[in-house]
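Residues per chain are reported as follows:
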Amino acid sequence: QVQLVESGGGLVQAGGSLRLSCAASGRTFSSYNMGWFRQAPGKEREFVAGISWVGRWTNYADSVKGRFTISRDNAKNTVYLQMNSLKFEDTAVYYCAADKDNRRLAVPVSGTLYEYWGQGTQVTVSS
C-alpha cells in the first residue's frame, strides 16, 4: 500500500507563492511518475503537472505553465509543486498522485492512470 501525504496549502493573496509537498511511502518512489491534480468547487478534477520517475521530464497544464514548477527528491521520497504568481482561479484542493505503472515512459495526464492519491491540501487565493 502506498501512502501520499500533501502539505503546504493555505491562504495567499493573488500574486503570491506557495510550495506544496507530497511525502510518499510504501513502495519504491523513484520508479514511478508523479502528478499533481486539483479540484475546485463545482468543477471536475484537472491535471496540473506531472514529473517522470527520473525527474527528467515534466508536463504542465496550459493554465499553469510558466507559473508552477514540479520537482522531486527521490532521496526524500517527496514531490513538490512550487506555485508562483497565484491567481484567484488557482483556488482548489490540490492532490498528488502516483502512477499505476512502474517506469512508464510517458508522464500521464489522465487521472485514470494514477493509482494512489493523497488526501488533498486546500489552496485559497484571495483576489
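To keep things clear, this report deals only with the structure shown in the data block. Because the structure is predicted, anything quoted here is derived from the model rather than measured.

## With respect to the overall build of the chain
For the chain, the helix and strand inventory stands at zero helices and eleven strands. In sequence order, the secondary structure elements of the chain are arranged as β-β-β-β-β-β-β-β-β-β-β. Taken over C-alpha atoms, the radius of gyration comes to 13 Å for the chain, in line with the 14 Å a tight globule of 127 residues would show. Along the first, second and third principal axes, the C-alpha set of the chain runs to 40 × 30 × 25 Å. Counting the 127 residues in the chain, one finds 46% classified as buried. Across the chain, the fraction of contacts at a sequence separation of at least 24, relative to all contacts at a separation of at least 6, is 60%.

## Topic: the nonpolar core
Formed by 30 residues in total, the largest nonpolar core has its most connected members in L4, W36, L81, M83 and Y94. Elements supplying a minimum of two residues to this core: β3 (18–25), β4 (34–39), β5 (46–51), β7 (68–73), β8 (78–83), β9 (92–99) and β11 (121–126). Residue contacts for L81: discarding those within four places in its chain leaves L18, R19, L20, W36, V48, A49, F68, T69, I70 and Y94. Of all hydrophobic cores here, the second largest spans five residues; its members include F37, A97, V107 and Y114.

## Things to note about the state of the cysteines
Inspection of every chain in the model, using the stated rule, returns one disulfide. Residue C22 pairs covalently with C96 via a disulfide, S to S 1.9 Å. Here the disulfide of C22 and C96 is right-handed, its torsion about the S-S bond being about 45 degrees. Here C22 is found in strand β3, whereas its partner C96 is found in strand β9, with 74 residues between them in sequence. Of the two residues, C22 and C96, neither departs from the other in class, the shared state being buried.

## Quick look at the layout of surface pockets
Roughly 170 Å³ of volume is contained in the largest pocket. Class assignment of the residues belonging to the lining of the largest pocket gives a composition of three nonpolar, two polar and five charged.

## Examining empty space enclosed by the protein
Considering all chains together, one arrives at one cavity of 30 Å³ or more under this definition. Estimated volume of the largest cavity: approximately 70 Å³. V2, A24, S25, G26, R27, T28, F29, Y32, M34, N77 and A98 together form the lining of the largest cavity. Along the lines of polarity and charge, the residues of the lining of the largest cavity split into six nonpolar, four polar and one charged.

## Side note on the environment of E44
In this structure, E44 sits in the loop between β4 and β5. Residues within four places of E44 in sequence aside, it is in contact with R38 and Q39.

## A look at the packing of aromatic side chains
Across all of its chains, the model carries four aromatic pairs by this definition. Look at F37 and Y114: their rings are 5.2 Å apart centre to centre, the planes differ by 80 degrees, and that puts the pair in the edge-to-face class. With F37 in strand β4 and Y114 in strand β10 (residues 114–117), this pair connects stretches of sequence that are 77 residues apart. As far as burial versus exposure is concerned, F37 and Y114 are alike and both buried. These aromatic residues form a ring-pair network of at least three members: F37, F47, Y114 and W117. One residue, R27, lies across the ring of Y32, its end atom 3.3 Å from the ring centre.

Conventions adopted
Residues numbered from 1 in each chain as written. Predicted model: local features only at pLDDT ≥ 70, side-chain atom pairs only at ≥ 80, totals over all residues. Heavy atoms only, no water. Helix = DSSP H or I, 4+ residues; strand = E, 2+ residues; numbered from the N terminus. Rg over C-alpha atoms; globule rule 2.2 N^0.38 Å. Buried < 20%, exposed > 50% of the residue type's maximum accessible area, 1.4 Å probe, protein only. Contact = heavy atoms within 4.5 Å. Core = buried A, V, L, I, M, F, W, Y, C linked by side-chain atoms within 4.5 Å. Disulfide = S-S within 2.5 Å. 1 Å grid on protein atoms, 1.4 Å probe; cavity = no way out; pocket = protein on both sides within 12 Å on 5 of 7 lines; lining within 4 Å. Points joined across faces, edges and corners; volume = space filled by probe spheres on them. Nonpolar A, V, L, I, M, F, W, Y, C, P; charged D, E, K, R; others polar. Phe/Tyr/Trp six-rings, centres within 6.5 Å; stacked < 30°, edge-to-face > 60°. Lys NZ or Arg CZ within 6 Å of the ring centre and 35° of its normal.

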